[in-house]
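The residues making up each chain are set out below.
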Amino acid sequence: MSRGGRFPGALWALTGLILLLELATPPHIVFGYLYVIPLLIGAPHRGRRDALAFLALCCGLTLLNLVVPEPDPDWRAVLVDRLLVCLALTVTTFLCLHNRHLLRQQVDLEVRLAQADLRRDMIATLAHDLKTPVLGTIATARMMGLEAGPTAGGLLERGIGAILASQERSLRLIEDLLRLFRADQEGLWLQPETCDLGRLAAEAIEAVGPIAREREVSLIQRQPSGPRPLTLPGDPGRLRRLLENLLLNAINHSLRGERVWLDLQRQQGQAVVTVSDRGRGFPDASLPHLFERFYQSDPEQRGSGLGLYLSRQIAEAHGGRIRASNLPAGGASIEVRLPLEAPPG
């Protein structure tokens, strides 16, 4: 016993008093049901093993009165009553153990929820505080590039470009963290309009182009030819972010000199977006977990574990779905299917 350890004498005295009542009265008068009092008082402070041991003791003392202080010649008639008392004590004990288990689960859940709230608050605070200096560094680097002019040496130009690329990656991570916080708190809000998916894909390729060029990765967009654009109802900012996340994931998994394909198709009332690469692919064990928050299939690769999680959120908010697979010839592919018509209601 923990807290109950301060009262063991009182509990044992109560148990002994009930035993004396049993022994001092004829066997057909059953006081064994009173054992439920010390059983309930001590239950919150006993472990499972101690609770079962005390239950066995109470049942044994209840049946003991059949032969102590002297055998009852009509013990068969009294046995059923005493067995029912033992059954009631058993049910009470297991209900107490079950309730204690539920309380422990509730406490664990409350602790996890508190930790999750603290983690979200910390992420939101850090992301907000870090955004200002990152934006300042980007603005300063751009000013340095303008001051240097087109005649600047190659080393200075490459250095400024590397600073800009690094800080823009940091800014994207911060924005992902802020989006994650807002989505957890408020849900993912959309501002739908008619979107040209081909144009959004071209904008996404342009946005991640500097990172692809730094990694010497070529980005190729392929879509059906014809005068009719591939349009669908959706939030253009969210959809563009979805495409950027998929392209960045493919770039980060590609070797230098490789290509990344962004394919757009129209199939059975759906827009199908496929981003594929020729990298190492995903470990088979990681495929079911790729779109979980903070999950990284390869800790050595770049990334925060947020891009694919946010991509899934955006796809599902548009009534679509997303899945990943490895290609037979090597590399990986992520496919997003989005409805070409707004869902009813």
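Here, the structure is the one placed above.
We now turn to the structure provided with this report. Just so it is clear, the structure is predicted and the values come from calculations on it, not from any experiment.

### Details of the overall build of the chain
Here comes step 1: A count of helices and strands for the chain gives eight helices and seven strands.
Here comes step 2: Classification of the 345 residues of the chain by burial places 39% in the buried group.
Here comes step 3: Excluding contacts between residues fewer than 6 apart, the proportion of contacts in the chain whose partners are at least 24 apart in sequence is 71%.
Here comes step 4: Counting only carbon and sulfur atoms, one obtains 59% of the accessible surface of the chain, whose full area is about 19,800 Å².

### Re the pairing of strand 5 (residues 270–277)
Here comes step 1: For strand 5, the buried fraction is high: eight of the eight residues fall into the buried class.
Here comes step 2: Residues Gln-270, Val-272, Thr-274 and Ser-276 point to one face of strand 5 and Ala-271, Val-273, Val-275 and Asp-277 to the other, with burial holding for every one of them.
Here comes step 3: The pairing of strand 4 (residues 259–267) with strand 5 spans eight bridges and is antiparallel. Each bridged residue has a counterpart across the sheet, and for Leu-262 the counterpart in strand 5 is Val-275.
Here comes step 4: The hairpin formed by strand 4 and strand 5 contains two residues between the paired strands, and Gln-268 there has a positive phi angle of roughly 50 degrees.
Here comes step 5: Pairing analysis gives seven bridges linking strand 5 to strand 7 (residues 332–339), with the strands arranged antiparallel. Looking at strand 7, one finds that Ala-271 is bridged to Leu-338.

### Brief notes about the environment of Thr-140
Here comes step 1: Note on placement: Thr-140 falls in helix 4 (residues 75–148).
Here comes step 2: Between the C-alpha atoms of Thr-140 and Ile-160, which are 20 residues apart in sequence, the distance is 9.7 Å.

### Observations concerning the nonpolar core
Here comes step 1: Ranked by size, the top nonpolar core spans 39 residues in total, and within it Leu-197, Leu-246, Leu-247, Leu-262, Ile-334 and Val-336 carry the most contacts.
Here comes step 2: If you list the elements that add at least two residues to this core, you get helix 6 (197–214), helix 7 (236–252), strand 4, strand 5, helix 8 (307–317), strand 6 (321–326) and strand 7.
Here comes step 3: When residues no more than four places from it in sequence are discounted, the contact partners of Val-336 are Leu-242, Leu-246, Ala-271, Val-272, Val-273, Ala-315, Arg-321 and Ile-322.
Here comes step 4: In this structure, Tyr-35, Cys-59, Leu-61 and Leu-89 belong to the second largest nonpolar core, which totals 14 residues.

### A closer look at the pattern of salt bridges
Here comes step 1: The full count for this structure, using the stated rule, is eight salt bridges.
Here comes step 2: Between Glu-22 and Arg-82 there is a salt bridge whose closest N-O contact spans 2.9 Å. Taken as a pair, Glu-22 in helix 1 (residues 8–24) and Arg-82 in helix 4 lie far apart in primary sequence, 60 residues in all.
Here comes step 3: Look at Arg-82 and you get buried, because its relative accessible area is 0%.
Here comes step 4: Measuring nitrogen to oxygen at the nearest pair gives 2.7 Å for the salt bridge that ties Arg-240 to Glu-203. Of this pair, Arg-240 sits in helix 7 while Glu-203 sits in helix 6, and the two are 37 residues apart along the sequence.

### Description of helix 1
Here comes step 1: The first and last C-alpha atoms of helix 1 sit 24 Å apart over 17 residues, in line with the 24 Å expected at 1.5 Å per residue.
Here comes step 2: Among the residues making up helix 1, those that are buried are Leu-11, Thr-15, Ile-18 and Glu-22. An end-on view of helix 1 places all buried positions within 60 degrees of arc, on one side of the element. Opposite the packed face of helix 1, turned more than 90 degrees from it, sit the exposed residues Ala-10, Leu-20 and Ala-24.

### Concerning the sheet that holds strand 7
Here comes step 1: Spatially, 2-4-5-7-6 is the arrangement adopted by the five strands of the open sheet, whose pairing is mixed. Looking at which strands have only one partner, the edges of the open sheet turn out to be strand 2 (218–222) and strand 6. Sheet twist, expressed as the average angle between the axes of neighbouring strands with direction ignored, equals 15 degrees.
Here comes step 2: Of the strands in this sheet, strand 2, strand 4 and strand 5 touch helix 6, which is tilted by about 175 degrees from strand 2.

### Considering the packing of aromatic side chains
Here comes step 1: A complete count under the given rule lists one aromatic pair for this structure.
Here comes step 2: The side chain of Arg-46 reaches across the aromatic face of Phe-54, ending 4.2 Å from its centre.

### Considerations on the environment of Gly-60
Here comes step 1: Relative to the helices and strands, Gly-60 is located in helix 3 (residues 48–64).
Here comes step 2: With 26 residues separating them in the primary sequence, Gly-60 and Cys-86 have C-alpha atoms 8.7 Å apart.

### Notes on a nonpolar patch on the surface
Here comes step 1: Together, Val-80, Leu-84, Leu-87, Val-91 and Leu-95 line one region of the surface with nonpolar side chains, adding up to about 460 Å² of accessible area.
Here comes step 2: For Leu-84, the position within the fold is in helix 4.

### A look at the packing of helix 1 against helix 3
Here comes step 1: In the contact formed by helix 1 and helix 3, the axes pass within 10 Å of each other and the chain directions differ by 20 degrees. One way to sum up the angle between helix 1 and helix 3 is to call them roughly parallel. Classified by chirality, the crossing of helix 3 by helix 1 is right-handed. Here helix 1 contributes Trp-12, Thr-15, Leu-19 and Glu-22 to the contact with helix 3, which in turn contributes Phe-54, Leu-57, Leu-61 and Thr-62.
Here comes step 2: By residue class, the composition of the contact of helix 1 with helix 3 is five nonpolar, two polar and one charged.

Reading guide: rules and limits
- Residues numbered from 1 in each chain as written.
- Predicted model: local features only at pLDDT ≥ 70, side-chain atom pairs only at ≥ 80, totals over all residues.
- Heavy atoms only, no water.
- Helix = DSSP H or I, 4+ residues; strand = E, 2+ residues; numbered from the N terminus.
- Buried < 20%, exposed > 50% of the residue type's maximum accessible area, 1.4 Å probe, protein only.
- Contact = heavy atoms within 4.5 Å.
- Areas by Shrake-Rupley, 256 points an atom, 1.4 Å probe, with all protein chains shown as cover.
- Pairing = 2+ DSSP bridges.
- Core = buried A, V, L, I, M, F, W, Y, C linked by side-chain atoms within 4.5 Å.
- Salt bridge = Lys/Arg side-chain N within 4 Å of Asp/Glu carboxyl O.
- Expected span 1.5 Å × (residues − 1).
- Arc of directions from axis to C-beta.
- Axes fitted to C-alpha atoms, helices over the stretch in contact; angles between N-to-C directions.
- Phe/Tyr/Trp six-rings, centres within 6.5 Å; stacked < 30°, edge-to-face > 60°.
- Lys NZ or Arg CZ within 6 Å of the ring centre and 35° of its normal.
- Patch = residues over 30% accessible without salt bridge, like charges linked within 9 Å, V, L, I, M, F, W, Y side chains within 5 Å.
- Parallel < 35°, antiparallel > 145°, perpendicular 65-115°, else oblique.
- Left-handed = near helix turned anticlockwise from the far one by under 90°.
- Nonpolar A, V, L, I, M, F, W, Y, C, P; charged D, E, K, R; others polar.

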